[in-house]
Amino acid sequence: MNNSKLIEQSFTILDDKNLSFFQRLKKVCDLLQQEKNSYDWVGFYFAKHSEKTLHLGPFAGEPTDHKVIPFGKGICGQVAESNKNFLVEDVNAQDNYIACSLNVKSEIVVSLFVNDQNIGQIDIDSNTANAFSKDDEALLESINKMIAQVIDKENIQILDLIE
Ligand code: SME
C-alpha cells in the first residue's frame, strides 16, 4: 500500500469514534506493521513531563520490557528532549540506545506535537539495516498530525490513559 493510501486509511481509523483513542492507535500500529515490510515493531510512547519519563502506549510487534523510558535515555529519550525526529541507520553504532530486541538494526522516532508541545512519539524498529528514509519520516509526521488533531478536538487526556 502506498503512503497516501496509508494516510487515508489511518484517517478513517482515527475518525472512528466507536473506538477508544488507544484502540484507534493500536489499529494504526497494526496497519503500519502489516503494510510496511520493514516495520517490525511499531509503537507509541507518551511523555509525563512532571516525571521526565516516556510511557509505552499502543504497539504492534513483540512485547517490550521498556515500558517506561527516562528522558535522555535511548533513541526515544533523546527525542523527548531534542524535539527532533531521529532516523537511525544502524542502532549498533549508537552509544545511547536501548535494545528492545537483538534483531533490530535500524529505528525511526518521530515526535508528536499537540499545540506545539511534544507530548510523545511514534517509534518504529526494523530488523533491516538502514530501513527508513525521508518518505517514512513524512508519512509518520502526517499520521502524527492527524493524531494530534484528534487529541485536540476530543480533548483527550493522555496522562489518564498511561500507567
Ligand atoms: N530502541 C528504543 C527503545 C524502545 S524499543 O525500541 C521498543 C530506544 O533506544 O529508545
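It should be noted that the structure appears before, not after, this text.
All of the points below concern the structure found in this document. Since this is a predicted model, take the numbers as computed values, not measurements.

### Points about the packing of aromatic side chains
Describing an aromatic ring pair means giving the distance of the ring centres and the angle of the ring planes.
Inference 1: Evaluated as defined, the whole model comprises six aromatic pairs.
Inference 2: For the ring pair Phe 21 and Phe 22, a centre distance of 5.9 Å and an interplane angle of 35 degrees mean the geometry is tilted. Residues Phe 21 and Phe 22 agree in their burial class; the two are buried.
Inference 3: Of the aromatic side chains, those joined through ring pairs into one cluster are Phe 21, Phe 22, Phe 44 and Phe 46.

### Describing the site of the ligand
Inference 1: Near the ligand the following residues occur: Trp 41, Tyr 45, Ile 69, Gly 74, Ile 75, Cys 76, Tyr 97, Ile 98, Cys 100, Glu 107, Asp 123 and Asp 125.
Inference 2: With respect to the ligand, the side chain of Asp 123 contributes an N or O atom lying 3.4 Å from an oxygen atom.
Inference 3: Contact distances for the ligand include 2.8 Å between an oxygen atom and a side-chain N or O atom of Asp 125.
Inference 4: In the complex, 100% of the free accessible area of the ligand, which totals 310 Å², lies under the protein chains.
Inference 5: Those elements that provide at least two residues to the shell around the ligand are β1 (41–48), α3 (74–82) and β6 (117–126).
Inference 6: Broken down by element, the residue count for the shell around the ligand peaks at three residues, all from α3.
Inference 7: Here the residues of the shell around the ligand are counted per class, giving eight nonpolar, one polar and three charged.

What counts as what
Residues numbered from 1 in each chain as written. Predicted model: local features only at pLDDT ≥ 70, side-chain atom pairs only at ≥ 80, totals over all residues. Heavy atoms only, no water. Phe/Tyr/Trp six-rings, centres within 6.5 Å; stacked < 30°, edge-to-face > 60°. Buried < 20%, exposed > 50% of the residue type's maximum accessible area, 1.4 Å probe, protein only. Near = heavy atom within 4 Å. Polar contact = N/O pair within 3.5 Å; in protein donor to acceptor, adjacent residues only side chain to side chain. Areas by Shrake-Rupley, 256 points an atom, 1.4 Å probe, with all protein chains shown as cover. Helix = DSSP H or I, 4+ residues; strand = E, 2+ residues; numbered from the N terminus. Nonpolar A, V, L, I, M, F, W, Y, C, P; charged D, E, K, R; others polar.

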